[in-house]
Amino acid sequence: AAPGEPTSVFSALRVPSRNQDYKMFFDEETLSDPFGLSRQGLTFGIHGEYDFGSTILTTGKWAFAELGLVAPEVGKDTGPIQTRVRSVFSYSMPAGTSKEEAEANWGKLRSIKVLRETQDPCGLEAIAEELKREPASSTIRPEIADSDFVDQVPTDKLVHCKNLQDYYQALHGTWRGFGEQLVVGSDLSILSVPVEYERVIHYDGAKNQVHVDTSLLTKDGSKTKMSSSTATISPTNENIAHAEDGIQHILTGAGAIVHTIPKQIDLGKKHSFETAWLRVPGEMYRVQRNFDEQGAWSTTMYLVERKVE
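Owing to the predicted nature of the structure, the values given are computational and were not obtained by experimental measurement.

**Side note on the overall build of the chain**
Along the backbone of the chain there are four helices and 16 strands. Going through the 309 residues of the chain one by one, you find that 47% of them count as buried. Taking contacts inside the chain between residues at least 6 apart in sequence as the whole, the part at least 24 apart equals 57%.

**Let's talk about the packing of aromatic side chains**
The geometry of an aromatic ring pair is captured by the separation of the ring centres together with the interplanar angle, meaning the angle of the planes. One pass over the full model with this rule turns up six aromatic pairs. Ring centres 5.7 Å apart and planes at 75° place the aromatic pair Tyr 91 and Phe 273 in the edge-to-face group. With Tyr 91 in strand E5 (residues 79-91) and Phe 273 in strand E14 (residues 271-280), the pair connects residues that are 182 residues apart, well separated along the chain. Residue Phe 273 is classed as buried on the basis of its relative accessible area of 3%. A centroid spacing of 5.8 Å and a plane angle of 45° characterise the contact between Tyr 168 and Tyr 203, whose relative ring orientation is tilted. Pair noted here: Tyr 168 is in helix H4 (residues 164-171) and Tyr 203 is in strand E8 (residues 190-204), with a separation of 35 residues, a long-range link.

**As for the pattern of salt bridges**
Taken as a whole, this structure holds eleven salt bridges when the rule is applied. In this structure, Glu 198 and Lys 223 form a salt bridge, with 2.8 Å as the shortest nitrogen-oxygen distance. One end of the pair, Glu 198, is in strand E8; the other, Lys 223, is in strand E10 (residues 223-233), and 25 residues separate them in sequence. If you follow the salt bridges from partner to partner, you end up with Arg 199, Glu 274, Arg 286 and Glu 305 in one network.

**Some remarks on the side chain of His 271**
By the element assignment, His 271 lies in strand E14. Note on His 271: relative accessible area 8%, which makes it buried. Engagement of the side chain of His 271 in a polar contact is seen with the backbone oxygen of Asp 266, the distance being 3.0 Å. Dropping the residues within four chain positions of it, His 271 is found in contact with Leu 57, Pro 262, Gln 264, Ile 265, Asp 266, Arg 289, Asn 290 and Phe 291.

**Some thoughts on the sheet that holds strand E12 (residues 247-252)**
The sheet built from ten strands closes into a barrel, its strands ordered E7-E8-E9-E10-E11-E12-E13-E14-E15-E16 with antiparallel pairing. Going from strand to strand, the sheet's axes swing by 25° on average, the running direction of each strand aside. Direction of pairing for E10 relative to strand E11 (residues 240-242): antiparallel, over a ladder of two bridges. Looking at E11, one finds that Ile 233 is bridged to Ala 241.

**Description of unusual backbone geometry**
Trans peptide bonds make up most of the peptide bonds, and negative phi angles are found at most residues other than glycine. Of note in the backbone geometry, Leu 188 takes a positive phi value of approximately 65° without being a glycine. A positive phi angle, close to 55°, is found at Asn 208, a residue other than glycine. Within the fold, Asn 208 resides in the loop between E8 and strand E9 (209-217). Given a relative accessible area of 25%, Asn 208 falls into the partly exposed group.

**Let's talk about the layout of surface pockets**
Roughly 1200 Å³ of volume is contained in the largest pocket. Forming the boundary of the largest pocket are 41 residues, of which Ser 227, Ser 272, Glu 274, Arg 286 and Gln 288 lie nearest the centre. Examining the composition of the lining of the largest pocket, we find that five residues originate from one element, strand E15 (residues 283-291), more than from any other. Its residues placed into classes, the lining of the largest pocket shows 18 nonpolar, 14 polar and nine charged.

**Observations concerning H4**
Buried within H4 we find Leu 164, Tyr 167, Tyr 168 and Leu 171. For H4, the angular spread of buried residues about the axis comes to 95°, placing them on one side. For H4, the N-terminal capping position is held by Asn 163, with its side-chain oxygen 3.2 Å away from the main-chain nitrogen of Gln 165. Of the residues trailing H4, Gly 173 is marked for its positive phi of about 140°.

Analysis parameters
- Residues numbered from 1 in each chain as written.
- Predicted model: local features only at pLDDT ≥ 70, side-chain atom pairs only at ≥ 80, totals over all residues.
- Heavy atoms only, no water.
- Helix = DSSP H or I, 4+ residues; strand = E, 2+ residues; numbered from the N terminus.
- Buried < 20%, exposed > 50% of the residue type's maximum accessible area, 1.4 Å probe, protein only.
- Contact = heavy atoms within 4.5 Å.
- Phe/Tyr/Trp six-rings, centres within 6.5 Å; stacked < 30°, edge-to-face > 60°.
- Salt bridge = Lys/Arg side-chain N within 4 Å of Asp/Glu carboxyl O.
- Polar contact = N/O pair within 3.5 Å; in protein donor to acceptor, adjacent residues only side chain to side chain.
- Pairing = 2+ DSSP bridges.
- Axes fitted to C-alpha atoms, helices over the stretch in contact; angles between N-to-C directions.
- 1 Å grid on protein atoms, 1.4 Å probe; cavity = no way out; pocket = protein on both sides within 12 Å on 5 of 7 lines; lining within 4 Å.
- Points joined across faces, edges and corners; volume = space filled by probe spheres on them.
- Nonpolar A, V, L, I, M, F, W, Y, C, P; charged D, E, K, R; others polar.
- Arc of directions from axis to C-beta.

By themselves these figures say nothing about function.
The structure is reproduced here in structure tokens:
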């Protein structure tokens with residue numbers, strides 16, 4: 001791998017056997033178990049999306065995030081089935097070295113694992129019962145739960161991008177997003193806050209560059225600019241783009257799933273880990289786990305975006 005780029009990327013499609021007993025919405029098995037993390041850092045969104053990982057980024061502790069997105073698809077022989085995408089990011093924690101060396105080498109991107117899982121068709125009745133449960137995060141505010149942005153339509157027209165050029169071209173335009181922000185307290189308590197925003201995405205094919213302006217939308221229709229960012233596709237790898245402050249956009253070979261993550265965790269800086277799934281043309285799902293300057297888990301965002309222009 002080129003300097004600063006991930007050392008390994010793993011993609012897999014997992015389909016349970018048809019004669020396998022269906023016991024839960026999805027298996028309790030998770031890639032995070034080897035890290036010995038508590039379930040305190042686990043939240044769920046409206047559709048069954050989830051966010052799990054480190055609650056503090058600091059030397060001597062694993063830096064890790066696992067993000068999951070869920071959406072219905074139309075199977076060839078089964079009709080609507082649930083599909084889940086899981087992304088797992090892990091960062092280095094050197095052992096057997098001096099404190100100084102460990103601190104210098106801690107927090108480098110170690111691996112990305114991406115898995116697509118489909119529900120066992122034998123479990124359609126069980127899945128219907130599971131979907132009746134209340135989300136396991138904080139109380140979902142009515143304006144979020146009742147929004148038409150949470151309505152998912154099963155589809156067999158999934159987007160597949162062969163490189164970031166294809167992906168950015170599909171994003172070019174104006175998007176409106178709605179969702180839930182979970183604000184994390186110092187005691188890991190969770191407060192649910194609705195968010196509505198707009199993203200204007202401009203892709204310059206000549207420069208292999210994408211620019212994104214994000215604005216917060218208020219009830220009276222006004223806009224407040226939140227952020228701007230620019231990323232340039234790597235000249236040596238068309239599936240990786242480099243943005244400001246060491247942020248990378250990485251397209252993995254599982255459709256149109258892009259991860260926006262730091263290649264190096266630096267103490268004293270804010271950090272964000274995001275997985276975005278362009279599931280069908282004009283519709284995107286995003287999960288984002290954010291940390292403040294002290295390295296503390298500060299918010300989780302569950303977002304749905306629709307292209308409006």
